[in-house]
Amino acid sequence: MKLLLVRHAAAVPRGTPGGHDDERPLTPKGKAKFTVAAKGLARIARRPDVLLTSPLPRARATAEIAARAFKRIEPTIEPALAHESLDGIVAALSTRPPDSTVAIVGHEPTLSALLARLLGAAHGERFAFKKGGAALVDLPDGPTGLGVLLWFLKPKVLRALAGD
């Protein structure tokens, strides 16, 4: 299995009056920057067989942008991605075929912790994802085994790869 991990793009700041944290949308600038980054992502990563996203609006909007860049794929809600449940995420990934490419769009610090777990590292903060950043992991024995980090890129690099 290949696993593409993507952190949601820049959203309205936490604590903004008039909204609950779970309902924070992407900012217009966050949408625009990730639209370019997603083009770079689609250039270097194979189109996933499935695109799983947290149900929270900022992740769903990011997943929709990624889906447009990859073409012919629709995001699927995966509740475990919203609730910081590494075991739940691994269980969801375990239901996918072993030769599939799976993309997930989620949140920090969950993505860092998941990446650390998949690589057998002790501390997720070593892998802190920037907003709109991504990593690709090869999981030859599936999500319950140890993986190999193929790349880990900041959104700035993904935007440069877009080439537009």
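Residue positions are given per chain, counting from 1 as you read along its sequence in written order. Restriction of local features to residues with pLDDT of at least 70 applies here, the model being predicted, together with a cutoff of 80 or more for giving and counting side-chain atom pairs; totals for whole chains, interfaces and linings are based on all residues. Excluding hydrogens and water, the side-chain figures rest on all heavy atoms present in the structure.

(A) Spatial organisation of the nonpolar core. The set of buried Ala, Val, Leu, Ile, Met, Phe, Trp, Tyr and Cys residues whose side-chain atoms join them within 4.5 Å is what this entry labels a nonpolar core. Each residue is placed in one exposure class: buried if its accessible area under a 1.4 Å probe, protein chains only, is under 20% of its type's maximum, exposed if it is over 50%, and partly exposed if it falls in between. In this structure, Leu4, Val6, Phe34, Leu41, Leu51, Ala134 and Trp151 are the most contacted members of the largest nonpolar core, which totals 26 residues. Where helices and strands are cited, they refer to DSSP runs of H or I of at least four residues and of E of at least two residues respectively, numbered from the N terminus. At the level of elements, β1 (2-7), α1 (28-44), α2 (57-70), β4 (101-106), β5 (134-138) and β6 (148-153) are the ones that each hand at least two residues to this core. Contacts were defined at the residue level, with two residues in contact if any of their heavy atoms lie within 4.5 Å. Those residues in contact with Ala134, other than ones at most four positions away along the chain, are Leu4, Leu5, Val6, Leu41, Phe129, Trp151, Phe152, Leu153 and Leu158. Listed in part, the 22 residues of the second largest apolar core include Val50, Ala80, Leu93 and Ala116.

(B) Structural detail: the layout of surface pockets. Taken as a whole, the largest pocket encloses approximately 250 Å³ of empty space. Using a 1 Å grid laid over the protein atoms alone, points where a 1.4 Å probe fits but cannot get out form a cavity; open sets with protein on both sides within 12 Å along at least 5 of 7 lines form a pocket; any residue with an atom within 4 Å of a point counts as lining. Around the largest pocket, the lining is made up of 19 residues, and of these Arg14, Arg24, Arg58, His107 and Glu108 lie nearest the centre. Along the lines of polarity and charge, the residues of the lining of the largest pocket split into six nonpolar, four polar and nine charged. Grid points are joined across faces, edges and corners, and a volume is the space filled by probe spheres set on the points. Each residue gets one label: Ala, Val, Leu, Ile, Met, Phe, Trp, Tyr, Cys and Pro are nonpolar, Asp, Glu, Lys and Arg are charged, and the others, such as Gly, are polar.

(C) Geometry of the packing of α1 against helix α5 (residues 155-162). A fitted line through C-alpha atoms represents every axis, and for helices the fit uses only the stretch in contact; the resulting angles, taken between N-to-C directions, go from 0 to 180 degrees. Where α1 contacts α5, the two axes come as close as 7 Å, and the packing angle between them is 70°. Classified by the angle their axes make, α1 and α5 are roughly perpendicular. Touching Lys33, Val36, Ala37, Lys39, Gly40, Leu41, Arg43 and Ile44 of α1 are Pro155, Leu158, Arg159, Leu161 and Ala162, all from α5. Note that the term roughly parallel is reserved for angles under 35 degrees, roughly antiparallel for angles over 145, roughly perpendicular for angles of 65 to 115, and oblique for everything else.

(D) Quick peek at the environment of Pro79. Within the secondary structure layout, Pro79 lies in the loop between β3 (75-77) and α3 (86-94). Residue classification places Pro79 among the partly exposed residues on the basis of a relative accessible area of 44%. Sequence separation between Pro79 and Asp22 is 57 residues; the distance between their C-alpha atoms is 13 Å.

(E) Local environment of the packing of aromatic side chains. Only rings of Phe, Tyr and Trp enter the pairing, Trp through its six-membered ring, and a pair is recorded when the two centres are within 6.5 Å. The plane angle decides the type: under 30 degrees is stacked, over 60 is edge-to-face, the rest tilted. Under the definition given, this model contains two aromatic pairs. Note on Phe127 and Phe152: the rings are 6.4 Å apart at their centroids and 70° apart in plane angle, and the pair reads as edge-to-face. With a gap of 25 residues between them, Phe127 in the loop between α4 (110-119) and β5 and Phe152 in strand β6 connect regions that are remote in the sequence. Phe127 sits in the buried class, given a relative accessible area of 15%. When its relative accessible area of 31% is taken as the criterion, Phe152 is described as partly exposed.

(F) The arrangement of the pairing of β4 in detail. With respect to burial, β4 is a largely interior element, six of its six residues being buried. Residues of β4 alternate between two faces, with Thr101, Ala103 and Val105 on one and Val102, Ile104 and Gly106 on the opposite face, all of them buried. Across six bridges, the pairing between β1 and β4 is parallel. Bridge pairing in β4 places Leu5 opposite Ile104. By this definition, two strands are paired if DSSP reports at least two bridges between them.

Read these as spatial facts, not as claims about activity.
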